[in-house]
Amino acid sequence: METDRMVQVVLPGIVAPEGLEIREGRVPEAGRAQIVVAVEASGVSFAEQQMRRGRYYDQPPFPFVPGYDLVGRVLATGEDVDPGLTGRRVAALVKTGGWSSHVVLDAADAVEVPEGLAADEAETVVVNGITAWQMLHRQARVRAGQTILVHGASGGVGSVLVQLALAAGVAVIGTASARHHDALRERGVIPVDYRSGDVPARVRELAPGGVDAVFDHVGGRSVIDSWHLLAAGGTLVAYGSASTRDDTGSKQWPVLKILARTWLWNTLPNGRRAHFYNIWAGRALAKDRFRARLRTDLTQVLTALRDGEVSAPIAARLPLTRAAEALRLAESGTVTGKIVLTP
Ligand SMILES: NC(=O)c1ccc[n+]([C@@H]2O[C@H](COP(=O)([O-])OP(=O)(O)OC[C@H]3O[C@@H](n4cnc5c(N)ncnc54)[C@H](OP(=O)(O)O)[C@@H]3O)[C@@H](O)[C@H]2O)c1
C-alpha cells in the first residue's frame, strides 16, 4: 500500500455484513497532542454485530467506520507529543474507527504494548482484557477462595475473565455451549450448558450457598436469575444484553431495564451489590483518571498475556478489505477466539 493512502471500512446503515463498504483516502495528519497510528490489527467485537443492526446503545449516526479497538505503530506525532514515540507499538480503545489502515488519536489515549508481543496477539485483549480486568478486580473485587459464575465463559471477554479469576485463586463455574466444555474443564472451569437445561438450578446444585459474583452479558431474564444466585455479600456485574441483539425497538431500553433493576436491587437491605459495568464510565467527567486507569489495567493484561498467564486464541486473520467475511464469521458462532483484521 502507498504510504499516504488510507483504507477504511464503512458501515453505511443497517445492513448485512456484505453491505460494509471500503473507502480510500489520504492518511490524515496529527493535530496538537495527537498521533497517527498505522494500524496493524483491529478486532471484530460483539459491538459491531449490534452496531450493524443499529442495536448498540450509544453508537454514532450512520455512516461511520466501525472497529472498537486496535494495535499499531506510531507513524507520526503532532505538536506537544514526544517525537520519540514514533515507531512504538501502541494499543487503543476507540469504540468506532478501528477498521482503518490509519487512525488519528489523542496521544494520551494510546497505551504502549510491552516488547515481546505481536500486534495480533495484543489485539485479542484490548477491549476484552480491559473489560475482564476491571469487572473482576475493580467492580467485583474477587478474592482467593471465592466462587464465581461467568456467563459466556468461552467468549472473548468471558475467556479472559475466567483465566484472570483462576490466576487469582477463584473457583469458576462457566456457562457455554457444549462444544466448549472439554476445553473449559481442562482450564479448571466447571462448565454449564446454557443451551439445554436449567442454568440456575444447575448452579445451585454446584454452589448451594450461592456464588460470590456473577458476570452477566446476556441481559433479559438471565440478569434476574444471576442476581438470585448470589451468596450473601455477593456482587452482580451485568455488562451487556446479548440476548436482545436481534430484537427490534429501542436500542437503549434493554440496558435501561438492567440499570433500573440494579438500582432497585441496591436499595434492598440484603448485603448484595449490583453494578452495570460500562467500559466508558467516568470518561466524560474525569478524562485523566479514566486514561490512567485504562493504562494501568490494560498494561496488566498485556503483561499477563506476554508472560503466558493468559492466552487468547486468534480464530482468524483477515485483511480489512474482507471485513464482511470477518463479521459473518464472528456472527456464525462457530469459531473460538478473536477474529483479527489486518490492513
Ligand atoms: N459493558 C461494557 O463496557 C462491555 C465491554 C465489552 C464487551 N461488552 C459485552 O460483552 C459481551 C460479550 O462480548 P464478546 O466480544 O466477548 O462476545 P463473544 O466473543 O461473541 O462471546 C459471547 C459469548 O456469549 C455466549 N452466549 C451467547 N448467548 C448466551 C447465553 N444466553 N448465555 C450464556 N452465554 C451466551 C456465547 O457462548 P457459546 O459460544 O458458548 O455459545 C459466546 O461465546 C457483549 O454483549 C458485549 O456487548 C460490554
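Residues numbered from 1 in each chain as written. Predicted model: local features only at pLDDT ≥ 70, side-chain atom pairs only at ≥ 80, totals over all residues. Heavy atoms only, no water.

1. What about the packing of helix 7 (residues 221-228) against helix 8 (residues 253-267)?
Reasoning step 1: Running from N to C, helix 7 and helix 8 point in directions that differ by 20°, and their axes come no closer than 11 Å. Overall, the two elements helix 7 and helix 8 adopt an arrangement that is roughly parallel. Regarding helix 7 and helix 8, the two cross each other, and that crossing is right-handed. Listed contacts from helix 8 to Val223, Ile224 and Trp227 of helix 7 are Ile258, Arg261 and Trp265.
Reasoning step 2: Residues belonging to the contact of helix 7 with helix 8 are distributed by class as follows: five nonpolar, no polar and one charged. (Axes fitted to C-alpha atoms, helices over the stretch in contact; angles between N-to-C directions. Helix = DSSP H or I, 4+ residues; strand = E, 2+ residues; numbered from the N terminus. Parallel < 35°, antiparallel > 145°, perpendicular 65-115°, else oblique. Left-handed = near helix turned anticlockwise from the far one by under 90°. Contact = heavy atoms within 4.5 Å. Nonpolar A, V, L, I, M, F, W, Y, C, P; charged D, E, K, R; others polar.)

2. Focus: the pairing of strand 13 (residues 273-276)
Here is the key point about a regular strand: its side chains alternate between the two faces of the sheet.
Reasoning step 1: The alternating pattern of strand 13 places Ala274 and Phe276 on a buried face, while none of Arg273 and His275, on the opposite face, is buried.
Reasoning step 2: With four bridges connecting them, strand 12 (residues 230-238) and strand 13 associate as parallel partners. Opposite leucine 236, over in strand 13, you have alanine 274 as the bridge partner.
Reasoning step 3: Between strand 12 and its parallel partner strand 13, the chain crosses via helix 8, and the hand of that crossover is right-handed. (Buried < 20%, exposed > 50% of the residue type's maximum accessible area, 1.4 Å probe, protein only. Pairing = 2+ DSSP bridges. Right-handed = clockwise from strand over helix to strand, strands pointing away.)

3. A closer look at the nonpolar core
Reasoning step 1: Counting residues in each nonpolar core, the largest one holds 71 residues, and the members touching the most others are Tyr68, Trp99, Ile148 and Phe215.
Reasoning step 2: The element contributing the most residues to this core is helix 9 (residues 287-306), with seven residues.
Reasoning step 3: Counting only domains with at least three residues in this core, you end up with domain 1 (5-124 + 313-342) and domain 2 (128-276).
Reasoning step 4: The next biggest cluster of nonpolar side chains, apart from the first, holds 20 residues, and it includes Val214, Val223, Trp265 and Ala274. (Core = buried A, V, L, I, M, F, W, Y, C linked by side-chain atoms within 4.5 Å. Domains from an automatic or database assignment.)

4. Comments concerning the domain arrangement of the chain
Reasoning step 1: By domain assignment, the chain separates into domain 1 (5-124 + 313-342) and domain 2 (128-276).
Reasoning step 2: Relative to domain 2, the C-alpha centre of domain 1 lies at a distance of 28 Å.
Reasoning step 3: Contacts between the two partners involve 17 residues from domain 1, matched on the other side by 17 residues from domain 2.
Reasoning step 4: Taking both partners together, domain 1 and domain 2 bury about 1300 Å²; carbon and sulfur atoms supply 45% of that area.
Reasoning step 5: When residues of domain 1 are sorted by the area they lose upon contact with domain 2, Arg53, Arg55 and Tyr57 head the list and together hold 47% of the total.
Reasoning step 6: Linking domain 1 with domain 2 are one salt bridge, by the criterion used here.
Reasoning step 7: Taken together, domain 1 and domain 2 are joined by nine residue pairs in polar contact (both at pLDDT 80 or more).
Reasoning step 8: Considering each element in turn, the side of domain 1 that touches domain 2 owes the most residues, three residues, to helix 1 (residues 46-51).
Reasoning step 9: In terms of residue class, the side of domain 1 that touches domain 2 is made up of five nonpolar, eight polar and four charged. (Buried area = accessible area lost by both parts, 1.4 Å probe. Salt bridge = Lys/Arg side-chain N within 4 Å of Asp/Glu carboxyl O. Polar contact = N/O pair within 3.5 Å; in protein donor to acceptor, adjacent residues only side chain to side chain.)

5. Let's talk about the pattern of salt bridges
Reasoning step 1: Across all of its chains, the model carries 22 salt bridges by this definition.
Reasoning step 2: We note a salt bridge from arginine 322 to glutamate 325, for which the minimum N-O separation is 2.7 Å.
Reasoning step 3: Among the ionic contacts, a cluster of salt bridges with common partners joins Arg52, Arg53, Arg245, Asp246 and Glu331.

6. Focus on empty space enclosed by the protein
Reasoning step 1: In total, this model carries one cavity of 30 Å³ or more according to the counting rule given.
Reasoning step 2: Taken together, Leu93, Ala108, Asp109, Val111, Trp280, Arg283, Phe290, Arg291, Leu294 and Arg295 make up the lining of the largest cavity.
Reasoning step 3: With four residues, helix 9 is the largest single contributor of residues to the lining of the largest cavity.
Reasoning step 4: The residue inventory of the lining of the largest cavity, partitioned by class, reads six nonpolar, no polar and four charged. (1 Å grid on protein atoms, 1.4 Å probe; cavity = no way out; pocket = protein on both sides within 12 Å on 5 of 7 lines; lining within 4 Å. Points joined across faces, edges and corners; volume = space filled by probe spheres on them.)

7. Let's talk about the site of the ligand
Reasoning step 1: The local shell around the ligand holds 23 residues, among which Val157, Ser177, Tyr194, His217 and Ile279 are the closest.
Reasoning step 2: At 3.5 Å from a nitrogen atom of the ligand is found a main-chain nitrogen or oxygen belonging to glycine 152.
Reasoning step 3: At a separation of 3.2 Å, an oxygen atom of the ligand approaches a polar side-chain atom of arginine 195.
Reasoning step 4: The element best represented in the shell around the ligand is helix 3 (residues 127-139), accounting for three residues.
Reasoning step 5: Residue composition of the shell around the ligand, by class: 10 nonpolar, 12 polar and one charged. (Near = heavy atom within 4 Å.)

8. Brief notes about the sheet that holds strand 8 (residues 147-150)
Strand pairing in a sheet relies on backbone hydrogen bonds, with the paired strands running either antiparallel or parallel.
Reasoning step 1: Pairing is parallel in the open sheet, where six strands are placed in the order 10-9-8-11-12-13. Edge positions in the sheet fall to strand 10 (190-193) and strand 13, since each has one partner strand and no second. Averaged over all pairs of adjacent strands, the angle between their axes in this sheet comes to 15°, without regard to strand direction.
Reasoning step 2: Here helix 3 sits on the sheet in contact with strand 8, strand 11 (211-216), strand 12 and strand 13, set at roughly 150° to strand 12.

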